[in-house]
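Close look at the chain arrangement
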Amino acid sequence: MNLERVVFGFFIVLTLSLNHAFVAGGLEAPAHHNVWILTLAIIVNLVAIGLKLGDRSQTGALLLAAGLVAGLLLIAARIVWIVAEPGGGGGPGPEGMADIVSIATGALVANIVATVILVGDTLLSRR
């Protein structure tokens, strides 16, 4: 067992899981989406991107590209959250939350692509 691949796979799957945990729920219901889960998804995604930087293979390039897309979209969602949140707190309104969840869903798609690439590469390398 390769410990480096285990750690790398852990962060890829954790990023996907956190992203899904944030997106799950009613699209326009701020109570269904926690800003701390979004923030944690951003941090874990950045760690996963850092782990991808050393890989010089074609698969590594695809994983890095998918990670960068997901990271960019998650950061954009967090920026929209900051801009859309009223001064009194309580989270953004329904329109702002719909935008945030839509952007985070795009990141979820990128994370799914990265996970599929990782699983496919792992299955091909076992032969």
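As the structure is a prediction and not an experimental result, all values here were calculated from the model.

**So, the packing of helix 2 (residues 35–52) against helix 3 (residues 58–84)**
It is the contact of helix 2 with helix 3, at a shortest axis distance of 9 Å, that shows an interaxial angle of 155°. Our classification of the angle between helix 2 and helix 3 gives roughly antiparallel. Classified by chirality, the crossing of helix 3 by helix 2 is left-handed. The segment helix 2 lies against helix 3, with Val35, Leu38, Thr39, Ala41, Ile42, Asn45, Ile49 and Lys52 engaging Leu63, Leu64, Gly67, Leu68, Ala70, Gly71, Leu74, Ile75, Ala77, Arg78 and Trp81. Residue composition of the contact of helix 2 with helix 3, by class: 13 nonpolar, four polar and two charged.

**Describing the UniProt feature "transmembrane region" (unreviewed entry) in the protein**
UniProt records the feature "transmembrane region" (unreviewed entry) at residues 36–54, 61–83 and 103–124, using the numbering of this structure. Annotated as 100% helix and 0% strand, the span residues 61–83 places its first and last C-alpha atoms 33 Å apart.

**Side note on the side chain of Asn19**
Here Asn19 shows up in helix 1 (residues 3–23). Take Asn19: its relative accessible area is 0%, and that puts it in the buried class. A distance of 3.4 Å separates the side chain of Asn19 from the backbone oxygen of Ala107, its partner in a polar contact. Those residues in contact with Asn19, other than ones at most four positions away along the chain, are Ala41, Leu74, Ala104, Ala107, Leu108 and Asn111.

**Description of the packing of aromatic side chains**
Following the criterion strictly, the structure yields two aromatic pairs and no others. Taken together, a centroid distance of 5.2 Å and an interplanar angle of 80° make the contact between Phe10 and Phe11 edge-to-face. For Phe10, a relative accessible area of 48% gives the class partly exposed.

**Here's the deal with helix 1**
Look at helix 1: 30 Å from first C-alpha to last across 21 residues, which is about the 30 Å you get at 1.5 Å a residue. One side-chain oxygen at the N-terminal end of helix 1 lies 3.1 Å from the backbone nitrogen of Glu4; it belongs to Asn2. Gly25 sits one or two residues past helix 1 and shows a positive phi near 125°.

**Points about the packing of helix 3 against helix 4 (residues 94–125)**
Between two packed helices, the angle of one axis relative to the other and the distance separating the axes together describe the packing. Remark: helix 3 packs on helix 4, axes separated minimally by 8 Å, with the N-to-C direction vectors making an angle of 165°. With respect to their mutual orientation, helix 3 and helix 4 come out roughly antiparallel. As helix 3 runs across helix 4, the sense of the crossing is left-handed. Taken together, the residues that form the contact of helix 3 with helix 4 break down as 21 nonpolar, four polar and two charged.

Rules used throughout
Residue numbers restart at each chain and count upward from 1, following the sequence in its written direction. The model is predicted, so local features are restricted to residues of pLDDT at least 70 and side-chain atom pairs to those at 80 or more, both for listing and for counting; the totals for chains, interfaces and linings are taken over all residues. Computation of side-chain values covers all heavy atoms of the structure but excludes hydrogens and water. Lines fitted to the C-alpha atoms define the axes, with helices restricted to the stretch that makes contact. Angles between their N-to-C directions range from 0 to 180 degrees. In DSSP terms, a helix is any run of H or I states spanning at least four residues, a strand is any run of E spanning at least two, and both are numbered starting from the N terminus. Our angle categories are set so that under 35 degrees counts as roughly parallel, over 145 as roughly antiparallel, 65 to 115 as roughly perpendicular, and the remainder as oblique. Whether a crossing is left-handed or right-handed is set by the direction in which the near helix is turned from the far one by less than a right angle, anticlockwise for left-handed and clockwise for right-handed. Here, two residues are considered to be in contact whenever any of their heavy atoms come within 4.5 Å of each other. Residues are grouped as follows: Ala, Val, Leu, Ile, Met, Phe, Trp, Tyr, Cys and Pro are nonpolar; Asp, Glu, Lys and Arg are charged; all remaining types, including Gly, are polar. UniProt positions are given in the numbering used here, feature names are shortened, and annotations may be inferred rather than shown by experiment. The cut-offs for exposure are 20% and 50% of the maximum accessible area for each residue type, with area from a 1.4 Å probe on protein chains only; residues under the lower value are buried, those over the upper are exposed, and the others partly exposed. The term polar contact refers here to a pair of N or O atoms within 3.5 Å; inside protein, the definition further demands a hydrogen-donor-capable atom paired with an acceptor-capable atom, and it admits residues adjacent in sequence only when both atoms are side-chain atoms. Here a pair means two rings of Phe, Tyr or Trp (six-membered ring of Trp) with centres within 6.5 Å. Their orientation is stacked below 30 degrees between planes, edge-to-face above 60, and tilted elsewhere. Every helix has an expected span of 1.5 Å times one less than the residues it contains.

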